[in-house]
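Survey of secondary and tertiary structure
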Amino acid sequence: RIVYLNGAWLPEEDAKVSIFDRGFLFADAIYEVTGVVGGKLLEYQGHAARLQRSMAELGIACPLSPDELLEVHREIVRRNALEEGLIYLQISRGAADRDFAYPKDATPTLTLFTQAKAVLDNPKVATGISVVLLPDYRWARRDIKTVQLLYPSMAKMEATARGAEEAWLVEDGFVTEASAANAHIITAEGTLVTRPLSQAILHGITRASIVEIAQQAGIACEERAFTPEEAKAAAEAFMTSATNFVLPVVAIDGQPVGAGTPGPLTLKLRALYVARKV
Ligand code: PDD
């Protein structure tokens, strides 16, 4: 692969970052994942806007203008002849002597790479996936998309160890989100229930589109927190992210959700999302 690092296009083995980089020492870095289908960027404006917001929250200045950043995204797709998959972008505060206080003069480290992946024809859409409920032990500012991903990794490992594919995280008796996706349910009445935006969850770009698409399709939508019990008793469940789009969840803690197969409204929302965004 050809990757981007601070203005340079390099073979991946030549891209090197300092051991003093604060992304490495403090997880003082943010990231974005943008889907690519047919060589085209998906929901780019949403990802770019969230990136700006995360950077503003941490006081990291982007070395590129918005136009330059878009051009780098397009260029990395071209240079890697990426048809389908994702672009990973990370920006850290940069390298400095180890100190908890932010350094005054660090130069941010900006890097992008691509990953090929079948996002459109994901075989898990037909089967759905199973999830387990785990406590949400992440930090409390999940609205900032930082690279502090150790607990989500641990949760994924625990889910796999229990024979499931993903974890849904629970805090104070309510589901927050999945380890790397937003969590949603559909009630027996056909209402989409999704947790409202706050610091407790990442403000998913796919989530925002799905709420809008549901409303346009005449599916009622309630933005409120839901409990694990409500999720287990729901008619349908699914999660959303840039690379999963809409992924059906068919079991929670070993209990089937609804009929135990991908739900009709879930599949409808996925089809509408694909038709509109891809
Ligand atoms: N994850 N919640 C969390 C904790 C996430 O990490 C993500 C995305 C989402 C969904 O956001 P969006 O729809 O904007 O992708 C929700 C990315 C894909 C990842 O970490 O790979």
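Look up a bit, the structure's there.
Description of the structure in this document. These figures come from a predicted structure and were not determined experimentally.

How each quantity is defined
- Residues numbered from 1 in each chain as written.
- Predicted model: local features only at pLDDT ≥ 70, side-chain atom pairs only at ≥ 80, totals over all residues.
- Core = buried A, V, L, I, M, F, W, Y, C linked by C-beta atoms within 7 Å.
- Buried ≥ 20, exposed ≤ 12 C-beta atoms within 10 Å, placed from the backbone.
- Helix = DSSP H or I, 4+ residues; strand = E, 2+ residues; numbered from the N terminus.
- Contact = placed C-beta atoms within 7 Å.
- Pairing = 2+ DSSP bridges.
- Right-handed = clockwise from strand over helix to strand, strands pointing away.
- Near = placed C-beta within 6 Å.
- Nonpolar A, V, L, I, M, F, W, Y, C, P; charged D, E, K, R; others polar.

1. Side note on the nonpolar core
In terms of nonpolar packing, the biggest core is built from 36 residues, with V131, A167, W168, A237 and V249 touching the most fellow members. Sorting elements by how many residues they give to this core places strand 14 (residues 245–252) first, with six residues. Ignoring anything within four residues of it in the chain, the contact list for V131 reads A159, A164, E165, E166, A167, W168, A178, V249 and I252.

2. Notes on the pairing of strand 8 (residues 166–171)
One face of the sheet, then the other: side chains in a regular strand alternate in exactly this way. Two strands pair when backbone bridges link them, and strand 7 (residues 129–135) and strand 8 are joined in this way by five bridges, in the parallel orientation. In the strand pairing of strand 8, L134 is matched with L169. Handedness of the β-α-β unit built from strand 7, helix 5 (residues 150–161) and strand 8 comes out right-handed. Where strand 8 and strand 9 (residues 174–178) come together, three bridges link them in antiparallel fashion. What sits directly across from W168, in strand 9, is A178. Between the end of strand 8 and the start of strand 9, which pair antiparallel, lie two residues, with D172 showing a positive phi angle near 50°.

3. So, the site of the ligand
Around the ligand lies a shell of 14 residues, among which L202, G204, I205, T206 and A242 are the nearest. When contributions to the shell around the ligand are tallied by element, the ones reaching two or more residues are helix 6 (205–216) and strand 13 (236–241). If you tally residues by element for the shell around the ligand, the top one is helix 6, at three residues. Taken together, the residues of the shell around the ligand break down into six nonpolar, six polar and two charged.

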